[in-house]
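Spelled out, the chains give:
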Amino acid sequence: MRLALQLAELGRGFTRPNPMVGSVIVRNGRIVGVGYHKMAGLPHAERVALADSGERARGGTIYVTLEPCVHYGRTPPCADAIIEAGLKRAVIATLDPNPIVHGKGVKKLRDAGLDVTVGVLEQEAIELNEVFFKFMRTHKPFVALKLAMTLDGFIADSTGKSKWISNNASRRYVHKLRGEFDVIAVGVGTVIADDPMLNARDFYSPFQPHRLILDSSLRIPEDSKVVATAYEIPTIVVTTKSTIRPMREKAERLRKSGVTVWAVDSDENGLVDIEKLLEHAAGENIQSILFEGGSRVAGRLIRLGIIDKLYIFSSNRILGDGIAPFGGIKRAMDDAMDGFVLKHIEEFDGDVLKVYSKGG
């Protein structure tokens, strides 16, 4: 099963909106076939492993990181292929959270006479597809926040300039990370201050994530890079319903430039209601969003308690003064916010990345 999980990982960034899945077929104590799901629309892991093993699969055991499907989508059901191949046993890491499949794949295999075991390395399999599991269970996007900060804890200098706190190696990793998410999101202040492209580059990415800008007052410059390239990379500007009426002409110009404009409810401060935004995004089948600051957006996300994963890059640079990462939050030590669990630490030429997940 560990090998199957390693194989599944090879599909990261390529399979969405499908989950990553790996499969290994064993007969008489020997591996006779392996496979993983390479991209949505291509054969699923089980079928790849069965093709790799051929007749050697008959009478063997299949290990798979996610419950085999039972429905016709862009590919035929995998449960049927397993039964037809004459396998005698199936070891499944975890049930599929998709209600179309959940429990049905296991039942079909058992009804066909296979010995089925479920739950081997289950937690690892769920964490591998944490985005897919959250979206299927809650119909809400998986929310991650990425911040780069100095050694003394600032995300920009006192003028708001943040280029460049992190080094080239860290930034290259961020471009890889972007390619794993459906949407990259920033506040309009970041667009005004830095005029970023917000794309995935410097490595091969199968998809360019959509770009989303939180812009409660529709201040986005019409000559910004994200607007100028909106026909090349899907770009969404999210404003409020109260803003869209008086700014109708600018909204129309943005649409003519290729920008999609969403208008959602305001929160109590007159800003885009982020929870309403996430509901709208889910309705558009957006499974994952990577927010990249700045301070006000990061502070709002923390206060709302909606961050599932936190990527914190710390450089060795010192400012002494600047902009704190979580704007609008001031608490005493006895009332400090917590709830995140450190999951991973990695170094990039002196920068340190710490990855935190929401505590259970």
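Up top is the structure.
Given the structure is predicted, the values throughout are model-derived calculations rather than measurements.

Visitor: Looking at this structure, I do not really get helix α13 (residues 295-304). What am I missing?
Guide: Structural remark: α-helix, 3.6 residues per turn; residues separated by three or four positions point the same way. Where burial is concerned, most of α13 is hidden: seven out of the 10 residues are buried. Within α13, the full set of buried residues consists of Ser295, Val297, Ala298, Gly299, Arg300, Leu301 and Ile302. Tucked into the core, α13 has its buried residues touching β6 (142-149), β7 (183-187), β8 (210-214), α12 (274-283), β11 (288-291) and β13 (340-348). Of the residues flanking the end of α13, it is glycine 305, one or two places downstream, whose phi is positive at about 70°.

Visitor: Just checking my understanding: could you explain helix α4 (residues 104-111) for this structure?
Guide: The complete set of buried residues in α4 reads Gly105, Val106 and Leu109. On an axial view of α4, the arc spanned by its buried residues comes to 100°, and they lie on one face. Residues of α4 that are exposed and point more than 90 degrees away from the buried face comprise Lys107 and Asp111. In this fold, the buried residues of α4 make contact with α3 (78-84), β4 (89-92) and β5 (115-118). Glycine 113 lies just past α4 and shows a positive phi near 100°.

Visitor: Could you clarify how one ought to interpret the side chain of lysine 250 in this entry?
Guide: Tracing the backbone through its elements, the reader meets lysine 250 in helix α11 (residues 248-256). Buried and unpaired, lysine 250 has glutamate 222 as its nearest opposite-charge partner, separated by 4.8 Å.

Visitor: I tried to follow the pattern of salt bridges on my own but got confused; where do I start?
Guide: Two side chains that carry opposite charge are able to pair once their charged atoms sit near each other. All told, the structure shown has 18 salt bridges when counted by the stated rule. Arginine 255 is paired through a salt bridge with glutamate 252; the nearest N and O atoms lie 3.9 Å apart. Here glutamate 252 and arginine 255 lie together in helix α11, a separation of three residues that amounts to about one turn. We classify arginine 255 as partly exposed; its relative accessible area is 37%. Residue classification places glutamate 252 among the partly exposed residues on the basis of a relative accessible area of 37%. Connected through shared salt-bridge partners, Lys134, Asp308 and Lys358 make up one network.

Visitor: Mind showing me how you'd approach the sheet that holds β4 here?
Guide: Paired through backbone hydrogen bonds, the strands of a sheet run either parallel or antiparallel to each other. Pairing within the open sheet is mixed, and its five strands lie in the order β2-β1-β3-β4-β5. Each edge of the open sheet carries a strand with a single partner, namely β2 (30-36) and β5. In this sheet, neighbouring strand axes are inclined to one another by 15° on average, regardless of whether the strands run parallel or antiparallel. By the bridge criterion, four bridges tie strand β3 (residues 61-64) to β4 in an arrangement that is parallel. Each bridged residue has a counterpart across the sheet, and for isoleucine 62 the counterpart in β4 is alanine 90. Along the sheet, helix α1 (residues 2-9) makes contact with β1 (22-27), β2 and β3, crossing β1 at roughly 145°. Relative to β2, helix α2 (residues 45-53) is tilted by about 140°, and along the sheet it contacts β1, β2 and β3.

Visitor: Honestly, the side chain of glutamate 292 in this entry has me stumped. Any pointers?
Guide: Secondary-structure assignment places glutamate 292 in the loop between β11 and α13. The class of glutamate 292 is buried, set by a relative accessible area of 12%. Among the polar contacts listed, one links the side chain of glutamate 292 to the side chain of arginine 178, at a separation of 2.8 Å. Here glutamate 292 is in contact with Lys146, Val174, Arg178, Ile184, Ala185 and Val186, once residues within four sequence places are set aside.

Visitor: Help me understand the packing of aromatic side chains in this model?
Guide: Each aromatic ring pair is characterised by the separation of its centres together with the angle its planes make. One pass over the full model with this rule turns up four aromatic pairs. Arranged with centres 6.4 Å apart and planes meeting at 85°, the rings of phenylalanine 132 and phenylalanine 133 form a pair that is edge-to-face. Phenylalanine 133 carries the same exposure label as phenylalanine 132, and that label is buried. Members of the aromatic cluster, each reached through a chain of ring pairs, are Tyr173, Phe313 and Phe348. Positioned above the aromatic ring of tryptophan 164, the side-chain terminus of arginine 171 is 4.2 Å from the ring centre.

Visitor: Please explain the nonpolar core as it appears in this structure.
Guide: Across soluble globular proteins, you tend to see nonpolar side chains buried next to one another. Phe181, Ile220 and Tyr311 are the most contacted members of the largest nonpolar core, which has 30 residues in total. Those elements that place two or more of their residues in this core are β6, α7 (168-178), β7, α8 (188-194), α9 (225-228), α11, β12 (309-314) and β14 (351-358). At three residues, β6 tops the list of elements feeding residues into this core. Contact partners of tyrosine 311, with chain neighbours within four places excluded, come to Ala144, Leu145, Lys146, Leu147, Tyr173, Leu177, Phe181, Leu290, Leu353, Lys354 and Val355.

Visitor: Would you explain the environment of leucine 42 in this entry?
Guide: Structurally, leucine 42 can be placed in the loop between β2 and α2. Residue class for leucine 42 comes out partly exposed when judged on its relative accessible area of 40%. For the pair formed by leucine 42 and leucine 304, sequence separation is 262 residues and the distance between their alpha carbons is 38 Å.

Visitor: Can you walk me through unusual backbone geometry in this structure?
Guide: Note on backbone geometry: most residues besides glycine have negative phi, and most peptide bonds are trans. Backbone torsion omega between arginine 16 and proline 17 reads 10°, so that peptide bond is classified as cis. By the element assignment, proline 17 lies in the loop between α1 and β1. Phi angles above zero are rare outside glycine, and asparagine 28 is one such case at about 55°. Positive phi outside glycine occurs at leucine 218, with the angle close to 55°. On the secondary structure map, leucine 218 appears in the loop between β8 and α9.

Conventions used here
Residues numbered from 1 in each chain as written. Predicted model: local features only at pLDDT ≥ 70, side-chain atom pairs only at ≥ 80, totals over all residues. Heavy atoms only, no water. Buried < 20%, exposed > 50% of the residue type's maximum accessible area, 1.4 Å probe, protein only. Helix = DSSP H or I, 4+ residues; strand = E, 2+ residues; numbered from the N terminus. Contact = heavy atoms within 4.5 Å. Arc of directions from axis to C-beta. Lys, Arg positive; Asp, Glu negative; His and termini not counted. Salt bridge = Lys/Arg side-chain N within 4 Å of Asp/Glu carboxyl O. Pairing = 2+ DSSP bridges. Axes fitted to C-alpha atoms, helices over the stretch in contact; angles between N-to-C directions. Polar contact = N/O pair within 3.5 Å; in protein donor to acceptor, adjacent residues only side chain to side chain. Phe/Tyr/Trp six-rings, centres within 6.5 Å; stacked < 30°, edge-to-face > 60°. Lys NZ or Arg CZ within 6 Å of the ring centre and 35° of its normal. Core = buried A, V, L, I, M, F, W, Y, C linked by side-chain atoms within 4.5 Å.

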